[in-house]
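Breakdown of the fold
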Amino acid sequence: IAGDTNYATAQYELGLTFGAKKEYVKQEMIARKLIKENLGNPIQNYNMLGNSLDDQERVDEALAIYDEGIAKYPNNYLIIFNKGLSLFKAKKYAEAEIEFIRAAELNPFHQGSNYFIGLINLMGKRYIQGIMAMQYAMLLNNESSKYTYGLQYIDESSILQFPKMEDEIKLT
């Protein structure tokens with residue numbers, strides 16, 4: 001291991017492979033080792049560990065890892081974005097919105113941050129803000145099919161009467 005410049009990269013790629021295979025415990029073990037031994041790209045390692053914990057539905061642990069990563073790398077939009085995703089999945093929409101806005105402030109060209117800002121605004125019945133954020137997200141990459149739910153929601157709805165969403169929320 002000592003002096004092997006490819007070890008950390010190989011371990012990180014192995015962790016990603018375990019994640020793709022939904023073997024999250026193995027992915028978690030690799031990410032923890034990389035962080036503990038300070039190997040490879042620490043930002044990628046924090047994201048992989050947080051995502052792995054989130055995929056195991058261990059949201060509180062994932063949030064703690066993201067917070068640890070944010071404390072060390074406060075200007076990294078991707079750790080903040082991933083924290084927002086965990087909060088969103090946990091239906092903590094107001095907290096998630098704060099994280100997505102922070103991520104978008106750090107990287108205004110990050111499509112995912114803008115998409116989720118839009119989606120949360122639509123869910124909170126702030127339609128103009130939601131449509132504007134969705135439109136901007138699609139302008140950033142109009143070929144991505146990953147973020148089409150919000151556009152389908154806008155397209156299938158009348159601006160005067162939006163259908164009830166499963167998770168209607170109240171925002172201040």
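This text goes with the structure placed above it.
Residues numbered from 1 in each chain as written. Predicted model: local features only at pLDDT ≥ 70, side-chain atom pairs only at ≥ 80, totals over all residues. Heavy atoms only, no water.

Nonpolar side chains collect at one region of the surface, where Phe109, Tyr136 and Leu139 lie side by side and expose about 360 Å² of accessible area between them. On the secondary structure map, Phe109 appears in the loop between helix H6 (93-106) and helix H7 (111-123). (Patch = residues over 30% accessible without salt bridge, like charges linked within 9 Å, V, L, I, M, F, W, Y side chains within 5 Å. Areas by Shrake-Rupley, 256 points an atom, 1.4 Å probe, with all protein chains shown as cover. Salt bridge = Lys/Arg side-chain N within 4 Å of Asp/Glu carboxyl O. Helix = DSSP H or I, 4+ residues; strand = E, 2+ residues; numbered from the N terminus.)

What follows covers unusual backbone geometry. One non-glycine residue, Lys22, adopts positive backbone phi at about 60°. Assignment of secondary structure puts Lys22 in the loop between helix H1 (7-20) and helix H2 (24-36). The exposure class of Lys22 is exposed, given its relative accessible area of 61%. The residue Lys125 is not glycine, and still its phi comes out positive at about 65°. Assignment of secondary structure puts Lys125 in the loop between H7 and helix H8 (127-140). (Buried < 20%, exposed > 50% of the residue type's maximum accessible area, 1.4 Å probe, protein only.)

Another aspect to go through is the packing of helix H4 (residues 59-72) against helix H5 (residues 77-89). Contact pair H4 / H5: the axes reach a minimum separation of 9 Å and the direction vectors enclose 160°. Considering their axes alone, H4 and H5 lie roughly antiparallel with respect to each other. The interaxial crossing formed by H4 with H5 has left-handed handedness. Residue-level inspection shows Val59, Ala62, Leu63, Tyr66, Asp67, Gly69 and Ile70 of H4 in contact with H5, the latter providing Ile79, Ile80, Asn82, Lys83, Ser86 and Leu87. Grouping the constituent residues of the contact of H4 with H5 by class yields 8 nonpolar, 3 polar and 2 charged. (Axes fitted to C-alpha atoms, helices over the stretch in contact; angles between N-to-C directions. Parallel < 35°, antiparallel > 145°, perpendicular 65-115°, else oblique. Left-handed = near helix turned anticlockwise from the far one by under 90°. Contact = heavy atoms within 4.5 Å. Nonpolar A, V, L, I, M, F, W, Y, C, P; charged D, E, K, R; others polar.)

For the rest of this paragraph, the subject is the packing of aromatic side chains. Per the counting criterion, the structure on display carries 7 aromatic pairs. Measuring from centroid to centroid gives 5.1 Å for Phe88 and Phe116, while their planes differ by 70°, and the two rings are edge-to-face. Of this pair, Phe88 sits in helix H5 while Phe116 sits in helix H7; the two residues are 28 residues apart in sequence, bridging distant segments of the chain. Here Tyr115 and Phe116 contribute two aromatic rings whose centre-to-centre distance is 5.0 Å and whose plane-to-plane angle is 85°, an arrangement assigned as edge-to-face. The pair formed by Tyr115 and Phe116 is uniform in burial state, with each residue classed as buried. Among the aromatic side chains, those forming a connected cluster through ring pairs are Phe81, Phe88, Tyr93, Phe100, Tyr115 and Phe116. (Phe/Tyr/Trp six-rings, centres within 6.5 Å; stacked < 30°, edge-to-face > 60°.)

Across all of its chains, the model carries 10 salt bridges by this definition. Across the pair Lys26 and Glu23 runs a salt bridge whose closest N-O atoms are separated by 3.1 Å. Judged by its relative accessible area of 43%, Lys26 is partly exposed. Between Arg58 and Glu61 there is a salt bridge, and its shortest N-O distance comes to 2.8 Å. When its relative accessible area of 25% is taken as the criterion, Arg58 is described as partly exposed. Note on Glu61: relative accessible area 35%, which makes it partly exposed. It is possible to trace a salt-bridge network through shared partners that takes in Glu28, Arg32, Arg58 and Glu61.

Ranked by internal contacts, the top residues of the largest apolar core, which has 38 residues, are Phe88, Phe100, Phe116 and Leu119. Looking at this core, the elements with two or more residues in it are H1, H2, helix H3 (42-55), H4, H5, H6, H7 and H8. The leading source of residues in this core is H7, at 7 residues. Residue contacts for Phe100: discarding those within four places in its chain leaves Phe81, Gly84, Leu85, Phe88, Ser113, Phe116, Ile117 and Ile120. (Core = buried A, V, L, I, M, F, W, Y, C linked by side-chain atoms within 4.5 Å.)

Relative to the helices and strands, Ser86 is located in helix H5. Side-chain polar atoms of Ser86 contact the side chain of Asp54, separated by 3.3 Å. (Polar contact = N/O pair within 3.5 Å; in protein donor to acceptor, adjacent residues only side chain to side chain.)

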